[in-house]
Amino acid sequence: MTSTPSPSAASALQATSSFYGEHPAMRLLRAGLGATERLWPALAVRAAYRLFGTPLPLRRPERSAAPGADWRTERWPFEDAEITVYTPQAQPHGPAVLLLHGWGGHARQMLPLAQALAARGLRPVLLDLPAHGGSRGRVSNLPQFGRAIEYATARLHAQDSAPAAVVAHSLAANAAAHAASRGLATGRLVLLAPPASPHEYTRLFAQVFGLSERTRAAMQRRIEAREGILMRQFEPPAVGPRIALPTLVVHDRGDRINRFADGEAYRDHIAGATLLATEGLGHRKILQQAEVLQAVTVFVADGVASAAR
């Protein structure tokens, strides 16, 4: 008997299909993976692992990655790739706030929030994470995002620019929550549309590309073995109880990429966390809407004021 997916699961599957389907080669990759899975299962696992770690849609080399001419660019080598750091040329003297894009995203997506924070005298620091935006690298993953966030925060501390808050979207929010559970050195945490289950995303990925559960599970084991961490260690029940930072979660009820229930899970597992629920913004417009920008800015600024007392 075939089970019918719930509306939220069907919506997530459709959104994931659209995300990968934006690139014209995806249908060929799907067919190729299917044939490889039948003829050479071990190779199919390696190919799925590579594709799963490739940010899509693919970047256009000719497109400028910098958020604007009024931003200073610095490149930090990191593992086998790099992190690109953008800071305002005319820097406000206030505390730094680290802003992090999600999977397949880039630093420019965080510009509206950066501008709102700068207007309050705070100093936004934008990152292009490994293999994203202007940063070198071809593949990445959630564990590397987490390590990059810890590394960037430590570098900022070493430069006397300790971030007063870390604000992260989508997969970077998942990574930032994990980093916070390990004692990330910052004052406040903002999670924008965070996913709750990396395992669920591997399942959606496998459905989009027509992969069997056997291949999906082998791909997950390969990721976990290479990264030295299990996917369930990133889930809210694992990270939430170990997060001691004041935390704001913002999630849209109609988010088709990461369910609203994911945001609720972080709220429920992080002591004292606040959830701001929005309507009609989906997964990405949440980064631009005035109410959200105001709520995040006030939350961060209140933390700075409390620390100064």
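Up top is the structure these notes are about.
Below you will find a few notes about this structure. (Residues numbered from 1 in each chain as written. Predicted model: local features only at pLDDT ≥ 70, side-chain atom pairs only at ≥ 80, totals over all residues. Heavy atoms only, no water.)

Turning our attention to the nonpolar core. Formed by 42 residues in total, the largest nonpolar core has its most connected members in L100, L127, L189, L191, I243 and Y266. With eight residues, helix α6 (residues 171-181) is the largest single contributor of residues to this core. Sequence-distant contacts of L127, that is, excluding residues within four places in its chain, are made with I83, T84, V85, L98, L99, L100, H101, A107 and A152. In this structure, L126, V250, L287 and F299 belong to the second largest nonpolar core, which totals 27 residues. (Core = buried A, V, L, I, M, F, W, Y, C linked by side-chain atoms within 4.5 Å. Buried < 20%, exposed > 50% of the residue type's maximum accessible area, 1.4 Å probe, protein only. Helix = DSSP H or I, 4+ residues; strand = E, 2+ residues; numbered from the N terminus. Contact = heavy atoms within 4.5 Å.)

With that out of the way, let us pick up α6. Among the 11 residues that make up α6, 11 are buried, leaving the element largely enclosed by the rest of the structure. For α6, the complete set of buried residues consists of L171, A172, A173, N174, A175, A176, A177, H178, A179, A180 and S181. Positive phi shows up at G183, right after α6, with a value of about 90°.

With five of its five residues buried, strand β6 (residues 188-192) lies for the most part within the structure. Note that strand β5 (residues 163-169) and β6 share five bridges and pair parallel. Bridge assignment links V166 to a residue of β6, and that residue is L189. Where the polypeptide runs from β5 across α6 and back to β6, its parallel neighbour, the crossover connection is right-handed. (Pairing = 2+ DSSP bridges. Right-handed = clockwise from strand over helix to strand, strands pointing away.)

In this section: the packing of helix α4 (residues 111-119) against helix α11 (residues 290-308). Between α4 and α11, the shortest axis-to-axis distance is 10 Å and the interhelical angle comes to 45°. Here α4 lies oblique to α11, going by the angle between them. Taken as a pair, α4 and α11 cross one another with a handedness that is right-handed. When α4 is examined against α11, the residues P112, L113, A116 and L117 are found in contact with a partner set consisting of L293, V296, T297 and V300. Class assignment of the residues belonging to the contact of α4 with α11 gives a composition of seven nonpolar, one polar and no charged. (Axes fitted to C-alpha atoms, helices over the stretch in contact; angles between N-to-C directions. Parallel < 35°, antiparallel > 145°, perpendicular 65-115°, else oblique. Left-handed = near helix turned anticlockwise from the far one by under 90°. Nonpolar A, V, L, I, M, F, W, Y, C, P; charged D, E, K, R; others polar.)

Another aspect to go through is the pairing of strand β4 (residues 123-128). Counting buried residues along β4, six of its six residues qualify, which places the element largely inside the surrounding structure. Of the two faces of β4, the one holding R123, V125 and L127 and the one holding P124, L126 and D128 are both buried throughout. Relative to β4, strand β3 (residues 96-100) runs parallel, the two being bridged by five bridges. Among the inter-strand pairings, L99 is bridged to a residue of β4, identified as L126. Handedness of the β-α-β unit built from β3, α4 and β4 comes out right-handed.

Below, the discussion takes up the packing of helix α5 (residues 142-158) against α6. The angle between the axes and the distance between the axes are what describe a pair of packed helices. Running from N to C, α5 and α6 cross one another at 60°; their axes reach a closest spacing of 8 Å. The angle between α5 and α6 falls in the class oblique. As α5 runs across α6, the sense of the crossing is right-handed. In contact with L142, F145, G146, I149 and E150 of α5, α6 contributes L171, A172, N174, A175, A176 and A179. In terms of residue class, the contact of α5 with α6 is built from eight nonpolar, two polar and one charged.

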